[in-house]
Amino acid sequence: MQTTIEIKNLEVMATHGVLDFEKEKAQPFVFNATIFVNFLNAAKSDDIKDTISYCDIMQDISDFATNNSFNLIETLTYKCALHLIKKYPCIEKITLSCSKPQAPFDMTFETVQTKVTLSWHKVYLSLGSNLGKKEATLKKAVKALDAEDEIEVKKVSSFYKNHPYGGVATEEFVNIAVEIDTLLNPYDLLDVIHKIEKSLGRKRTIRWGNRTCDIDIIFYDDLHIKEKDLIIPHKDYKNRDFVLVPLSEIAPHLF
């Protein structure tokens, strides 16, 4: 059973827009929110402590809109939704829309609106390094993941030393497994991973060669993807002890 709390037509006076006068003179912005949260316990107990306060949510939306100023309502909508879903762990998913009924267009219209839906996804990653200060590099990779607005690191395994896999790399690897919650889709997550690998000196030259940092997506929810640049679950994880051993430490329920 899916339960939601809905907030409709919450009007907030704020200063967002590209034009200078929009940043100086407040105008109305209208928010609608659908919040996916399990309130069945509250329905039975009749106790507000068992649910999320819609009064708090409305105040948070109002405070966020009035305490910030963005050029685009696209930015306002996304960052406000991001703020809410990160602040309240009980929110499983949120759809937030923002309307700007007084947008400065010389036309007859009712409103302009943006809408975003964010939801958490459970992901398991395998990280490895066989060049330089290996453990320090992996710690930096975990820190970089957690620094992303749309990623929260939940668990990190111990360090495991492993012989190179694939017959190309020449140096011993250190590997870990990491559990994250993310708001990113698999393709955007892969882009973030590649950015982090590059920042830590990864050069994609020889397959299975020596590398400062390697990050693989092993599982993303129960999703199955089979494309040229992305395969989930990872196609060869069952044959790799350097993946299975760290992963079994932080997520034994997967095996």
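Just so you know, these numbers come straight off a predicted model, no measurement behind them.

Novice: Sorry, what's going on with the overall build of the protein chain here?
Specialist: The secondary structure content of the protein chain amounts to seven helices and eleven strands. Taking all 255 residues of the protein chain together, 47% fall into the buried category. The long-range fraction of contacts in the protein chain, counting pairs at least 24 apart against all pairs at least 6 apart in sequence, stands at 66%. Carbon together with sulfur atoms contributes 50% to the accessible area of the protein chain, which is approximately 14,400 Å² in total. Each charge class in the protein chain was averaged separately, 32 positive and 37 negative side chains, and the resulting centres sit 7 Å apart.

Novice: Just checking my understanding: could you explain the environment of E22 for this structure?
Specialist: Within the secondary structure layout, E22 lies in helix α1 (residues 20-24). Accessibility expressed as a relative area gives 2% for E22, which makes it buried. Separated by 59 residues in the primary sequence, E22 and A81 have C-alpha atoms spaced 22 Å apart. Aside from chain neighbours lying at most four places away, what touches E22 is T15, H16, G17, Q27, K100 and P104.

Novice: Please clarify how the layout of surface pockets should be interpreted in this entry.
Specialist: Empty space among the atoms becomes visible once a probe the size of a water molecule is rolled across them. Here the second largest pocket defines a volume of roughly 180 Å³. Looking at the second largest pocket, it is lined by 13 residues, and the ones nearest its centre are V18, E22, N71, K100 and F105.

Novice: Got a minute to help me understand the packing of helix α3 (residues 54-67) against helix α4 (residues 73-87) in this structure?
Specialist: If you want to describe how two helices pack, look at the angle between their axes and the distance between the axes. Relative orientation of the contacting elements α3 and α4 amounts to 135 degrees, with a least axis distance of 10 Å. As summarised for this structure, α3 and α4 are arranged oblique, according to the angle between their axes. As for the relative orientation of α3 and α4, their crossing is right-handed in sense. In this structure, α3 uses I57, D60, I61, F64 and A65 to contact α4, whose residues at the interface are L76, K79, C80, H83, L84 and K87.

Novice: What exactly am I supposed to notice about the packing of aromatic side chains here?
Specialist: We describe a pair of aromatic rings using the distance from one ring centre to the other and the angle between the two ring planes. Inspection of the entire model under this criterion finds three aromatic pairs. Residues F105 and F109 carry aromatic rings whose centres are separated by 5.7 Å and whose planes lie at 55 degrees to one another, so their mutual orientation is tilted. For the pair F219 and Y237, a centre-to-centre distance of 5.0 Å together with 75 degrees between the ring planes defines the contact as edge-to-face. A residue pair is termed long-range when its members are at least 10 positions apart, and F219 in strand β9 (residues 214-220) and Y237 in the loop between β11 (231-232) and α7 (241-250) qualify at 18 residues. Pair check on accessibility: F219 and Y237 agree, each one buried. Residue placement shows K93 over the ring face of F36; its charged tip is 4.8 Å from the ring centre.

Novice: Hey, could you run me through the sheet that holds strand β2 (residues 27-36) in this one?
Specialist: Backbone hydrogen bonds hold the strands of a sheet together, and the pairing may be parallel or antiparallel. Read across the open sheet, the four strands follow the order β1-β2-β3-β4; overall the sheet is antiparallel. Two strands bound the open sheet, and with one partner strand each, they are β1 (4-14) and β4 (113-119). Neighbour-to-neighbour, the strand axes of this sheet turn through a mean angle of 15 degrees, independent of strand direction. Bridge analysis of strand β3 (residues 93-99) against β4 gives seven bridges, and the strand direction is antiparallel. Paired with K93 across the bridge in β4 is S119. Along the sheet, α3 makes contact with β1, β2 and β3, crossing β1 at roughly 30 degrees.

Novice: Explain the side chain of E148 to me, please; I cannot follow it from the model alone.
Specialist: Of note, E148 is situated in the loop between α5 (134-147) and β6 (151-156). Separated by 2.7 Å, the side chains of E148 and K195 make a polar contact. If we skip the residues at most four places from it in the chain, E148 touches V192 and K195.

Novice: Teacher, can you tell me more about the pairing of β3 here?
Specialist: For a regular strand, side-chain orientation follows a simple rule: the groups alternate between the two sheet faces. Taken across its seven residues, β3 has six buried, putting it largely inside the fold. Where β2 meets β3, seven bridges bridge the pair, whose relative direction is antiparallel. Following the sheet pairing, F36 is matched in β3 by K93.

Cut-offs used in this document
Residues numbered from 1 in each chain as written. Predicted model: local features only at pLDDT ≥ 70, side-chain atom pairs only at ≥ 80, totals over all residues. Heavy atoms only, no water. Helix = DSSP H or I, 4+ residues; strand = E, 2+ residues; numbered from the N terminus. Buried < 20%, exposed > 50% of the residue type's maximum accessible area, 1.4 Å probe, protein only. Contact = heavy atoms within 4.5 Å. Areas by Shrake-Rupley, 256 points an atom, 1.4 Å probe, with all protein chains shown as cover. Lys, Arg positive; Asp, Glu negative; His and termini not counted. Charge placed at Lys NZ, Arg CZ, Asp CG, Glu CD. 1 Å grid on protein atoms, 1.4 Å probe; cavity = no way out; pocket = protein on both sides within 12 Å on 5 of 7 lines; lining within 4 Å. Points joined across faces, edges and corners; volume = space filled by probe spheres on them. Axes fitted to C-alpha atoms, helices over the stretch in contact; angles between N-to-C directions. Parallel < 35°, antiparallel > 145°, perpendicular 65-115°, else oblique. Left-handed = near helix turned anticlockwise from the far one by under 90°. Phe/Tyr/Trp six-rings, centres within 6.5 Å; stacked < 30°, edge-to-face > 60°. Lys NZ or Arg CZ within 6 Å of the ring centre and 35° of its normal. Pairing = 2+ DSSP bridges. Polar contact = N/O pair within 3.5 Å; in protein donor to acceptor, adjacent residues only side chain to side chain.

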